[in-house]
Amino acid sequence: PPGAAWSGADLLSAAVAHNAQIAEAKAKYLTALAAQRAARSPSGPSLTLTAEDAKESPQWGYGGAGDIPLDYGARRRVRITTAQLQALQVLYDYGEAVWSVRTDLEKARIALTAADAEIALAGQAADARRLRAERLNQRVAAGQDARAVAITAQGEAVAAERRLSQARGRRETALVNLAKVLGVSPGVAASLILAPVADRAPPGDLGALRRDAALSRRDVLRAVADYDLAENALRLQIANQYPQLSIGPGYSYDHGVTKLPFNLSLALPPYDLNRRAIAQAEAARAAAGRSLELAQANALAAVDTAQAALVTARLDQERTGGRDVPAAQRAADGAARAVKAGESDRIDDLAAQAALIEARLSLLDAESATKTATADLEDALRRSFDPAEAAVMDKAMGEGAR
């Protein structure tokens, strides 16, 4: 929105409209829908025309014969159901594409906002470390301190500058990733004002959400459709045990005699009554069942892994924010009072200030890790904890299904 900060839902709406991955998945779904409609049409008849010349009167004879396959029963049902299941699979693929874009967008947004905050703090830390190193060099030159102290301070200043440079590199990478997801240029992405990424909690009991993920994640539903397709293939092979009928009405003019022949053709099954093909289809169905079990196990494991990572990240954030930062703040306040009272010099104060900024950087890292772990948990559950984003997702899926 012009002049306003872009929320996650705003960015997701723009990505749904412009992302190439989503557009490709939607086009494939429309193709699958067309194939589903085409599957209802039976195969066309065939026509054979003949002519002959004989040394009798009348001299010419000619005729025509058709062959019309009878499209009925299990074979027709299997063909139509297979096309429907394939269209359903592509719809699930479309949903996965939308969700993948949403996850990439969320992580790019987290990385970009974290990089912006890190650059500001890392710049302050680098300035403090550089100024301290310069003052220590002056003291070493005056013979007031050992050179080892200045060397250590110089190494700390170099490390602070390196962190600042790395933060700038992460910001550029996050901008490129954000632009890719949105389907715009990095320059456009850099001009956007992003709303802060809020801390979110799962909406409801996590155990129930975990169970729902094992039942309703689209990759699990796609595995269900794979099993149904294998079942359909087995039904087709069972139907192929029986002859396939076709009728052949015809017409012939046999040297003065008009005839109306009628043929009934049988396409016979293989010599083993299709038993080997049925056994193969049964094995494929069993394999599809194992694949479905694996998809559910992977879904449950992904939720458990993401939940454990989120708990660890939150504990680290609480420890850093509740212990490390307050301790660094007390040390910095004490160093400032000592300088004011003449009990210490500016070098110690700069060291304490740099340590405080670095503690805040550690807290920023912990907060970013918590937000990333939350995004991973959302990804494992295939559920956004933001109701506005969930509404955008539902709208995108509804438009894709039409």
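(A) Examining the overall build of the protein more closely. Helix and strand content of the protein: 10 helices and 5 strands. Against the globule reference of 21 Å for 402 residues, the protein gives a C-alpha radius of gyration of 36 Å, more extended than a compact globule. The C-alpha extent of the protein, read off along each of the three principal axes, is 135 × 40 × 40 Å. Classification of the 402 residues of the protein by burial places 36% in the buried group. Taking the contacts inside the protein whose residues are at least 6 apart along the sequence as the reference set, 79% of them involve residues at least 24 apart. As presented, the protein carries roughly 21800 Å² of accessible surface, and 56% of it is formed by carbon and sulfur atoms. Where the 49 positive side-chain charges of the protein centre and where its 49 negative ones centre are 1 Å apart.

(B) Up close: empty space enclosed by the protein. In this structure the tally under the stated criterion is 1 cavity of 30 Å³ or more. Its boundaries defined by the atoms lining it, the largest cavity holds a volume of some 50 Å³. Every residue along the wall of the largest cavity is listed here: Glu106, Ile110, Val197, Ala198, Asp199, Arg200, Lys371, Thr374, Ala375 and Glu378. The greatest single-element share of the lining of the largest cavity, amounting to 4 residues, is contributed by helix α9 (residues 346-381). In terms of residue class, the lining of the largest cavity is made up of 4 nonpolar, 1 polar and 5 charged.

(C) Spatial organisation of the nonpolar core. Within the largest apolar cluster, 34 residues are counted, with the highest numbers of intra-cluster contacts made by Tyr94, Leu105, Leu178 and Leu182. Mapped onto this core, the elements with two or more residues apiece are α1 (8-18), α2 (20-38), α3 (73-141), α4 (147-182) and α10 (387-401). Broken down by element, the residue count for this core peaks at 11 residues, all from α3. With 12 residues, the next largest nonpolar core counts Leu209, Val303, Ala306 and Phe385 among its residues.

(D) The arrangement of the layout of surface pockets in detail. Of the pockets and cavities examined, the largest pocket occupies roughly 360 Å³. If you trace the largest pocket, you find 20 residues lining it, with Lys107, Ala108, Ala111, Ala174 and Asn177 closest to the centre. Contributing elements (two or more residues each) for the lining of the largest pocket: α2, α3, α4 and α9. Of the residues forming the lining of the largest pocket, the biggest block, 8 residues, is contributed by α3. If you go around the second largest pocket, you meet 16 residues; those closest to its centre are Leu70, Asp71, Tyr72, Arg75 and Gln244. When contributions to the lining of the second largest pocket are tallied by element, the ones reaching two or more residues are α3 and β3 (244-254). At 5 residues, α3 tops the list of elements feeding residues into the lining of the second largest pocket. Each residue belonging to the lining of the second largest pocket can be placed in one class, and the counts come to 8 nonpolar, 4 polar and 4 charged.

(E) Main features of the side chain of Arg129. Within the fold, Arg129 resides in helix α3. Beyond its immediate sequence surroundings of up to four residues, Arg129 is in contact with Ala153, Glu156, Ala157, Ala160, Ala354, Ala355 and Glu358.

(F) Layout of the packing of α3 against α4. Interaxial distance between α3 and α4 falls to 7 Å at its minimum, and their mutual angle equals 160°. For the element pair α3 / α4, the angle class is roughly antiparallel. Every pair of crossing elements has a handedness; the one defined by α3 and α4 is left-handed. Partitioned by chemical class, the residues of the contact of α3 with α4 number 25 nonpolar, 4 polar and 13 charged.

(G) Spotlight on unusual backbone geometry. Positioned with a positive phi, Asn274 is a non-glycine residue whose angle comes to about 65°. As for its position among the elements, Asn274 is in the loop between β5 (262-267) and α8 (275-340). Here Arg382, not a glycine, exhibits a phi torsion of approximately 55°, which is positive. Along the chain, Arg382 turns up in the loop between α9 and α10.

(H) The arrangement of the pattern of salt bridges in detail. According to the stated counting rule, one finds 32 salt bridges in the structure shown. Across the pair Arg102 and Glu389 runs a salt bridge, and its minimum N-O distance is 2.8 Å. Taken as a pair, Arg102 in helix α3 and Glu389 in helix α10 lie far apart in primary sequence, 287 residues in all. The same class applies to Arg102 and to Glu389, which are both buried. A cluster of three or more residues bridged by salt bridges with shared partners is formed by Arg102, Glu106, Arg109, Arg200, Glu378 and Glu389.

Reading the values: the criteria
Residues numbered from 1 in each chain as written. Predicted model: local features only at pLDDT ≥ 70, side-chain atom pairs only at ≥ 80, totals over all residues. Heavy atoms only, no water. Helix = DSSP H or I, 4+ residues; strand = E, 2+ residues; numbered from the N terminus. Rg over C-alpha atoms; globule rule 2.2 N^0.38 Å. Buried < 20%, exposed > 50% of the residue type's maximum accessible area, 1.4 Å probe, protein only. Contact = heavy atoms within 4.5 Å. Areas by Shrake-Rupley, 256 points an atom, 1.4 Å probe, with all protein chains shown as cover. Lys, Arg positive; Asp, Glu negative; His and termini not counted. Charge placed at Lys NZ, Arg CZ, Asp CG, Glu CD. 1 Å grid on protein atoms, 1.4 Å probe; cavity = no way out; pocket = protein on both sides within 12 Å on 5 of 7 lines; lining within 4 Å. Points joined across faces, edges and corners; volume = space filled by probe spheres on them. Nonpolar A, V, L, I, M, F, W, Y, C, P; charged D, E, K, R; others polar. Core = buried A, V, L, I, M, F, W, Y, C linked by side-chain atoms within 4.5 Å. Axes fitted to C-alpha atoms, helices over the stretch in contact; angles between N-to-C directions. Parallel < 35°, antiparallel > 145°, perpendicular 65-115°, else oblique. Left-handed = near helix turned anticlockwise from the far one by under 90°. Salt bridge = Lys/Arg side-chain N within 4 Å of Asp/Glu carboxyl O.

Fair warning: the whole summary comes from geometry, so function is off the table for now.
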